[in-house]
Amino acid sequence: MNDRPALLGSSPIFEERLQFAKPDLPAFIDIADEVRTIVERGAVTKGKHLELLEEALATHLGVKHAVAVSSCTTGLMLTYQALNIKEAVLPGFTFMATASSLVWAGGRPVFVDVDSETMNLDVDLAERAITSRTDAIVATHNFGNPADVSELQAMAERHGLRLIFDAAHGMGSQFKGKPVGCEGDAQVFSLSATKLLIAGEGGVVATNDDELAKKIRKGREYGNNGDYDSDFAGINARLPELSALIARHSLNKLETAARRRNELKGIYNEHLSALPGLGFQRVRAGNRSSYTYFAITIDPAKFGLSRDGLAAALDAENIETRRYYDPPVHRHRAYRDYATANLPNSDFLAAHSLSLPIWSQMSTEVVSRICHAIERAQRYSQELKLALNPSTSMAHA
Ligand SMILES: Cc1ncc(COP(=O)(O)O)c(C=O)c1O
């Protein structure tokens, strides 16, 4: 049968490069009038779209305040600053901005391991890492999979700690049937281009805490009270009107996007669960992942190829993938000095997980073809291994 992988000489499954993610933006015709108004009136910032977006998001998330900011990173920085977080327990397997924003705000990260199946902060390990210096627990809804919200809330209460969620991937996620967003002291979302709700670049801090919302609103404006006599060192973290406009339209499509991504995950699973050595992120019963990213883990002994081998095979098939998060954040040069504990699950996931393409309007045919590429890589894994690493054959010769 001539169904050899492209890396072994066949034609790639995709003729053109298949992107890892594709932003699902509104049709231009649907925003053209409003864009014209923004441009002609020069109302490019702090206008009605920001206000309407914040109102709509607060309603959608079921929180008192949704404060829109320029990114999830600036939202996290302002949240840590406003809550005066000097030390926080956070996962090693997360995006670098969870930690960088804390350091920018003058805080110290204490990295803790994640659960290898949910890929989220391990609550027991987090509890064991709490000391008298700990101010906050920070959990990421990794790839859109809701963190262990109830257990984290109970733990934060027991120890009198702040609880902050890095909800960068959380738009479209549901905890016990409701959008994640109202739990903890704050949930900070990203509206960047790979997310389900897109502003271009942007973020949202969702909170029920009036004082916190007030500080973040001031913090996104340099700390200015309005009298140009700032009472703390803020930044410019405003969300421009054009971005707010795009996000408002994107919000209308959020539920459809989340449902479609869950269907796509089902199709991926149908094909891939038949193959040996592949693992999937576990979403707890009653919750819904946004599938902002769709990650699989690869056991090289069973699959026949390592994660990097599979990524190389897919690359030759013109399929883009991402190695989220390799290296894990506690091993980044910037944060090595903070890392004290061994985090075997974070290390394992960093080395073995691969995020496959997913976007809200992806067709079933595209997923099937990606799965076909993975199937044929697995079938020819031994030949691929030799092609990728000829020294192995020499060593065995
Ligand atoms: C877990 C996590 N936190 C924070 C961020 C930063 O988001 P932004 O690019 O909106 O600052 C990202 C980016 O995707 C992320 O994945």
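Residues numbered from 1 in each chain as written. Predicted model: local features only at pLDDT ≥ 70, side-chain atom pairs only at ≥ 80, totals over all residues.

Time to look at the domain arrangement of the protein. Here the protein is partitioned into domain 1 (6-22 + 254-396) and domain 2 (28-252). Domain 1 and domain 2 are separated by 28 Å when their C-alpha centres are compared. Those elements that place two or more of their residues in the side of domain 1 that touches domain 2 are helix 9 (254-272) and helix 12 (344-352). Examining the composition of the side of domain 1 that touches domain 2, we find that six residues originate from one element, helix 12, more than from any other. Looking at the side of domain 1 that touches domain 2 residue by residue, the class counts come to 20 nonpolar, eleven polar and three charged. (Domains from an automatic or database assignment. Helix = DSSP H or I, 4+ residues; strand = E, 2+ residues; numbered from the N terminus. Nonpolar A, V, L, I, M, F, W, Y, C, P; charged D, E, K, R; others polar.)

What links the strands of a sheet is backbone hydrogen bonding, and the strands pair in either a parallel or an antiparallel sense. Taken in spatial order, the seven strands line up as 1-9-8-5-4-2-3 in an open sheet, and their pairing is mixed. The sheet is open, and its two borders are formed by strand 1 (65-69) and strand 3 (108-112), each paired with just one other strand. In this sheet, adjacent strand axes meet at a mean angle of 20° when their direction is disregarded. Sheet topology note: the strand 4 (residues 136-140)/strand 5 (residues 162-167) ladder contains five bridges and is parallel. Opposite Thr140, over in strand 5, you have Asp166 as the bridge partner. Taken strand by strand, helix 7 (residues 210-219) contacts strand 1, strand 8 (186-190) and strand 9 (203-207), and its axis lies near 20° from that of strand 1. (Pairing = 2+ DSSP bridges. Axes fitted to C-alpha atoms, helices over the stretch in contact; angles between N-to-C directions. Contact = placed C-beta atoms within 7 Å.)

Right, let's talk about the site of the ligand for a bit. The environment of the ligand is made up of 14 residues, and the closest members are Ser71, Cys72, Thr73, Ala168 and Ser190. Among the elements of the structure, helix 3 (72-82) and helix 4 (96-104) are those that each provide at least two residues to the shell around the ligand. Classifying every residue of the shell around the ligand gives four nonpolar, nine polar and one charged. (Near = placed C-beta within 6 Å.)

Further remarks concern the environment of Phe14. Among the secondary structure elements, Phe14 is positioned in the segment before helix 1 (28-41). Of the residues examined, Phe14 has 18 C-beta atoms within 10 Å and is grouped as partly exposed. Distance from Phe14 to Arg217, taken between C-alpha atoms, is 46 Å for residues 203 residues apart in sequence. Excluding residues that lie within four positions of it along the chain, Phe14 makes contacts with Glu317, Asn318, Ile319 and Arg369. (Buried ≥ 20, exposed ≤ 12 C-beta atoms within 10 Å, placed from the backbone.)

Axis separation between helix 3 and helix 7 bottoms out at 9 Å; the angle between their running directions is 125°. Classed by the angle they form, the pair helix 3 and helix 7 counts as oblique. Seen from above, helix 3 lies across helix 7 with right-handed handedness. Residue-level contacts link Leu78, Thr79, Gln81 and Ala82 of helix 3 to Leu212, Lys215, Ile216 and Gly219 of helix 7. Across the contact of helix 3 with helix 7, the residue classes break down as four nonpolar, three polar and one charged. (Parallel < 35°, antiparallel > 145°, perpendicular 65-115°, else oblique. Left-handed = near helix turned anticlockwise from the far one by under 90°.)

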